[in-house]
Amino acid sequence: MPQPAAIESGDRSHALPPVESVAQISSILQDADPTLDPALAALARQAAAEGVVLLRNDDGILPIRDRPTAVFGRVQYDWFAVGYGSGGDVKVPYVWNLTAGLRDAGVAVDEGVAEQYRQWCAAHRPSFDGTWGNWPHHFPEMPLDPAVATDATTRADTAVVVIGRAAGEARESTLTPGSYFLTDDERAMLDAVTAAFARTVVVIDAGNVMDLGWLADYGDRIGGVLYAWQGGMEGGRAVAAVLAGEVAPSGRLTDTIAWRYDDYPSAGNFGDPDVGVYAEDVFVGYRYFETFAPERVQFPFGFGLGYTTFAVEVAEVSDGAGRRGEAGDAGGADAEIVRILVDVRNTGAEHAGKEVVQVYVGAPEGLLAQPARRLAAFAKTPLLAPGESARLELTFDLRDLASYDDGGVTGHRSAYVLEPGAYPVFVGTDVRTATEVAVRRVDRLRVVRQLSEAAAVDPAHAFRRMTRGRDDAGRPVPAWEDVPTRTVSRRERVLDALPAEIAPAGDRGIRLDDVAAGDATLDAFVAQLSDDELALLARGDITMHSPLGTAGNAGVLGGVSAGLRERGVRPVTTTDGPSGLRLAAYASLLPSGTALASTWNAPLVRELAALHGQEMVRKGSDVLLSPGMNIHRDPLCGRNFEYYSEDPLVTGRMGAAVVAGVQSAGVSACAGARRRRLRWSGEHAVRPVPLSDPLRVGSRRARPACGIRHRRRGRCAAVQLHGDRPGC
């Protein structure tokens with residue numbers, strides 16, 4: 001039974017009203033009932049905690065337990081719970097901040113420092129100018145007198161420094177202090193605290209990757225580092241539970257953190273307001289770094305620490321043609337399944353924990369450019385007490401490692417092919433430390449799936465793309481080649497694939513209910529509709545906050561005219577929603593997409609999404625415009641918090657979990673990829689990385705009831721124009 005938020009969340013002890021990074025609120029609150037489902041809040045808290053990534057824990061500085069602790073940084077109060085734009089514009093009745101969460105977890109927070117920050121924050125409230133896209137990347141930090149830190153050491157033996165960042169829709173991160181880089185005041189705060197305290201922990205509260213190269217400047221003066229992805233209304237409480245030791249950290253990075261921004265392969269081709277060139281091709285994130293530049297990685301993809309240690313041993317690697325061990329992802333009779341059994345044992349003596357086992361696969365160096373490693377499977381253990389073990393079964397289909405030949409170099413243009421040679425299999429707990437456990441060989445070139453040209457580059461916009469070369473010493477280095485360009489008219493291709501026209505038949509009295517009951521065909525129903533009614537079905541009400549739906553909606557589809565409603569087509573309310581329901585009513589603010597993906601726990605995400613679906617029913621939403629399936633191509637992308645990972649498998653698995661969970665409540669989740677500008681990318685990159693893999697994995701596992709298109713007429717997302725369906 002849902003309870004009021006104040007009952008659900010207990011004594012929050014907020015010293016200040018929460019700063020809503022949803023200050024861009026686009027509609028007036030009309031339903032002021034703060035009632036939320038306590039089960040949803042509890043699961044959101046668990047997911048936010050499991051998504052926290054422990055990057056450093058020297059000498060067991062964490063957990064804090066009940067040690068006296070001084071907390072520095074205004075973000076301890078002015079907590080960033082979500083990013084900006086339609087993906088975060090949720091009217092939430094409460095937000096836990098970190099200081100309140102630490103007190104709730106029993107940490108002895110130094111009151112002298114806490115009160116000083118409370119008073120300063122109250123006198124320097126963050127300001128929002130109210131203009132869409134101009135929200136602050138950070139809140140100016142309180143200038144810290146070093147004497148304050150020195151004095152605090154007489155009362156506390158541990159310091160926690162909190163740094164926060166936000167970005168979002170129409171608000172990319174920038175290579176400036178206060179966004180990707182630290183500000184001078186943040187540097188001065190770190191200098192003062194690390195000079196005074198022997199034990200310092202840094203908490204990053206952000207939705208995007210920011211520069212962490214400065215950690216090297218402090219050496220062992222910073223003993224602990226937590227990356228706390230924006231965790232929604234329960235995020236501050238969840239991070240506090242991890243710091244205190246109530247919850248063992250088990251999050252793993254879903255993005256590579258490089259030493260410098262310029263190290264990212266997309267750095268030279270990101271930020272143009274009109275056009276984006278995907279010159280890095282398939283070499284996105286770890287696929288680039290592990291192939292060409294492992295030395296430029298500060299924290300590798302898949303990395304994360306816990307409060308205990310684990311022994312990971314491969315018990316068996318076997319083939320299982322024609323079956324797949326992971327529920328909901330049947331491979332069919334032609335599947336070539338590799339099955340891996342892994343035993344995981346908690347070898348620590350004090351703390352329970354969870355471990356994530358990851359499987360990567362290499363590829364032969366053939367005619368098509370291939371990264372050194374690709375994630376093929378992953379699984380997370382249950383909570384294991386010291387000495388306790390669990391066996392995980394991980395499977396993948398060798399055919400899923402096929403590469404797309406967009407230029408015909410293999411003799412099979414527009415086809416997924418497996419090139420002959422050795423495919424080594426690696427198992428470990430991150431991409432860097434995974435070790436080879438088996439090799440699968442393909443004896444000849446095999447066509448896995450023949451398609452047709454769909455998204456090739458217009459010759460007028462040709463560019464050179466990254467491929468794999470060798471230097472004089474035989475080491476892999478980036479090389480460059482001309483991207484294959486279009487040979488087929490897209491207009492002709494689309495027109496040739498159109499279905500046969502349904503001749504107008506006039507009103508025959510057929511209602512949509514008759515089609516659902518099997519008493520009439522959908523074609524017969526459509527034949528009754530006028531051209532205007534068909535157009536209305538295609539575009540919907542083309543307005544946000546439509547009066548035909550729940551107040552504050554993102555738009556209404558279906559029965560947007562009286563004539564359509566008379567035929568039984570009801571209005572269908574859509575809501576923005578990667579992080580919650582964007583309505584003119586209070587709703588739950590959930591962990592960001594990156595936080596959810598960092599759990600590497602798809603069953604947990606599905607369970608959370610199921611409760612979110614139930615909230616949709618209660619609030620009057622039919623279709624959730626989520627999950628966003630874009631790849632984290634560049635750390636400056638403002639909307640990265642909405643999405644999941646630089647890896648397509650993680651993105652697909654998490655997106656599928658959201659879709660399956662939401663749709664279990666009888667409503668729909670609308671998976672898709674968003675874009676704001678033109679982009680040029682070869683099919684070799686578009687099909688295997690940004691679109692086809694995550695969407696194909698998500699569709700195969702969850703069968704979404706609908707797909708997203710860009711809301712503005714005439715600007716459809718590439719996934720709609722070039723959808724990966726038979727014959728395209």
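The rules behind these values
- Each chain carries its own residue numbering, running from 1 in the written order of its sequence.
- Side-chain atom pairs in this predicted model are given and counted only at pLDDT of 80 or more, local residue features only at pLDDT of at least 70, and totals for whole chains, interfaces and linings cover all residues.
- For the side-chain quantities, the full set of heavy atoms in the structure was used; hydrogens and water were omitted.
- The numbering of helices and of strands both runs from the N terminus, where a helix is a DSSP run of H or I of at least 4 residues and a strand a run of E of at least 2.
- With a 1.4 Å probe rolled over the protein chains alone, any residue whose accessible area is under 20% of its type maximum counts as buried; one over 50% counts as exposed, and the rest are partly exposed.
- Contacts: residue pairs with any heavy atoms within 4.5 Å of one another.
- Two aromatic rings from Phe, Tyr or Trp, using only the six-membered ring of Trp, form a pair when their centres are within 6.5 Å; if the ring planes differ by under 30 degrees the pair is stacked, by over 60 it is edge-to-face, and anything between is tilted.
- Within this analysis, patches are made of residues with over 30% relative accessible area and no salt bridge. Like charges are joined at 9 Å or less; nonpolar side chains (Val, Leu, Ile, Met, Phe, Trp, Tyr) at 5 Å or less.
- Shrake-Rupley sampling with a 1.4 Å probe provides the accessible areas, and residues are treated as covered by the protein chains on show and by no other component.
- We count a salt bridge whenever a side-chain nitrogen from Lys or Arg sits within 4 Å of a carboxyl oxygen from Asp or Glu.
- Any two strands are treated as partners once DSSP identifies two or more bridges connecting them.
- Lines fitted to the C-alpha atoms define the axes, with helices restricted to the stretch that makes contact. Angles between their N-to-C directions range from 0 to 180 degrees.
- Here a crossing is taken to be left-handed if its near helix is turned anticlockwise relative to the far helix by less than a right angle, and right-handed if that turn runs clockwise.
- When residues are sorted by character, Ala, Val, Leu, Ile, Met, Phe, Trp, Tyr, Cys and Pro go into the nonpolar class, Asp, Glu, Lys and Arg into the charged class, and all the rest, Gly among them, into the polar class.
- Every residue gets a pLDDT, meaning the predictor's confidence in that residue, from 0 to 100.
- We count Lys and Arg on the positive side and Asp and Glu on the negative side, and we leave His and both chain ends out.
- Polar contacts here mean pairs of N or O atoms no more than 3.5 Å apart (in protein, one a potential hydrogen donor and the other a potential acceptor; neighbouring residues in sequence count only if both atoms are side-chain atoms).

A.B. asks: What is the right way to read the overall build of the chain from this model?
C.D. replies: In terms of helices and strands, the chain carries 20 helices and 26 strands. By residue count, 59% of the 728 residues in the chain fall in the buried class. Relative to all contacts within the chain whose residues are 6 or more apart in sequence, the contacts with residues 24 or more apart total 77%.

A.B. asks: Explain the packing of aromatic side chains here, please?
C.D. replies: Geometrically, a pair of aromatic rings is defined through the distance of the ring centres and the angle of the planes. Counted by the stated rule, this structure contains 19 aromatic pairs. Plain terms: the ring middles of tyrosine 84 and tryptophan 135 are 5.1 Å apart, the flat faces sit at 35 degrees to each other, and that makes the pair tilted. Of the two residues, tyrosine 84 is situated in the loop between β2 (69-72) and α3 (98-104) and tryptophan 135 in the loop between α4 (111-123) and α5 (146-152); the sequence distance between them amounts to 51 residues. Seen from their ring centres, tyrosine 286 and tyrosine 360 are 6.0 Å apart, and the 80 degrees between their planes marks the pair as edge-to-face. Here tyrosine 286, found in helix α9 (residues 286-292), pairs with tyrosine 360, found in strand β11 (residues 356-361); they are 74 residues apart in sequence, far enough to count as distant. With respect to class, tyrosine 286 is no different from tyrosine 360; both count as buried. Taken together, the ring pairs in this structure connect Tyr180, Phe181, Tyr261, Tyr264, Phe283, Tyr288, Phe289 and Phe292 into an aromatic cluster.

A.B. asks: So what exactly am I meant to see when it comes to a nonpolar patch on the surface here?
C.D. replies: On the surface, Val494, Leu495 and Leu498 cluster together into a nonpolar patch covering about 260 Å² of accessible area. In this fold, valine 494 is placed in helix α10 (residues 490-496). For valine 494, a relative accessible area of 40% puts it in the partly exposed group.

A.B. asks: Before we go on, may I ask you to explain the pairing of strand β19 (residues 464-470) in this structure?
C.D. replies: Two faces belong to every sheet, and in a regular strand the side chains alternate between them. Bridge analysis of β19 against strand β20 (residues 476-482) gives seven bridges, and the strand direction is antiparallel. Directly across from arginine 464, in β20, lies its bridge partner aspartate 482.

A.B. asks: In this structure, what is going on with the sheet that holds strand β18 (residues 446-450)? I would like to understand it.
C.D. replies: Hydrogen bonds between backbone groups are what pair the strands of a sheet, and the pairing can be parallel or antiparallel. On the basis of which strands lie adjacent, the open sheet formed by three strands has the order β14-β15-β18 and antiparallel pairing. The open sheet has two edge strands, β14 (403-405) and β18, and neither has a second partner. Each strand axis lies, on average, 40 degrees off the axis of its neighbour in the sheet, ignoring direction. Pairing of strand β15 (residues 415-418) with β18, which is carried by four bridges, proceeds in the antiparallel orientation. Considered in β18, the bridge of alanine 415 is made with glutamine 450.

A.B. asks: Looking at this structure, how should I read the packing of helix α16 (residues 602-619) against helix α17 (residues 648-663)?
C.D. replies: Axis angle and axis distance: for two packed helices, these are the angle between their axes and the distance between the axes, and together they describe the pair. Running from amino to carboxyl end, α16 crosses α17 at an angle of 35 degrees, the nearest separation of the two axes being 7 Å. Between α16 and α17 the crossing geometry is right-handed. Between α16 and α17, the residues in contact are Ala602, Val605, Arg606, Ala609, Ala610, Gly613 and Met616 and Arg653, Met654, Ala657, Val658, Ala660, Gly661 and Val662, respectively. Looking at the contact of α16 with α17 residue by residue, the class counts come to 10 nonpolar, two polar and two charged.

A.B. asks: Can you walk me through the environment of alanine 195 in this structure?
C.D. replies: Structurally, the position occupied by alanine 195 is in helix α6 (residues 184-196). A relative accessible area of 62% means that alanine 195 is categorised as exposed.

A.B. asks: Explain the confidence of the model for the chain to me, please; I cannot follow it from the model alone.
C.D. replies: Close inspection of predicted coordinates is inappropriate in any region flagged by low pLDDT. Of the residues in the chain, 88% have a pLDDT of 70 or more, and the chain-wide mean is 89. In this model residues 323-331 is a low-confidence stretch, pLDDT under 50, and it forms 25 contacts with partners more than four residues away in sequence or in other chains. Throughout residues 710-728 the model reports pLDDT below 50, and contacts reaching past four residues in sequence, or to other chains, amount to 49 contacts.

A.B. asks: What is the right way to read unusual backbone geometry from this model?
C.D. replies: The general pattern is negative phi for most residues beyond glycine and trans for most peptide bonds. With omega at 5 degrees, the peptide bond leading from leucine 62 into proline 63 counts as cis. Tracing the chain through its elements places proline 63 in the loop between β1 (53-57) and β2. In the Ramachandran plot, isoleucine 542 falls in the positive-phi region, its phi being about 40 degrees despite a non-glycine side chain. Here isoleucine 542 shows up in the loop between α13 (531-539) and β21 (555-558). You can call isoleucine 542 partly exposed: its relative accessible area is 45%.

A.B. asks: So what exactly am I meant to see when it comes to the side chain of aspartate 37 here?
C.D. replies: Relative to the elements of secondary structure, aspartate 37 occurs in the loop between α1 (5-9) and α2 (38-50). Salt bridges are absent for the buried aspartate 37, whose nearest opposite-charge side chain, arginine 618, sits at 4.2 Å. There is a polar contact of 3.0 Å between the side chain of aspartate 37 and the backbone nitrogen of alanine 39.

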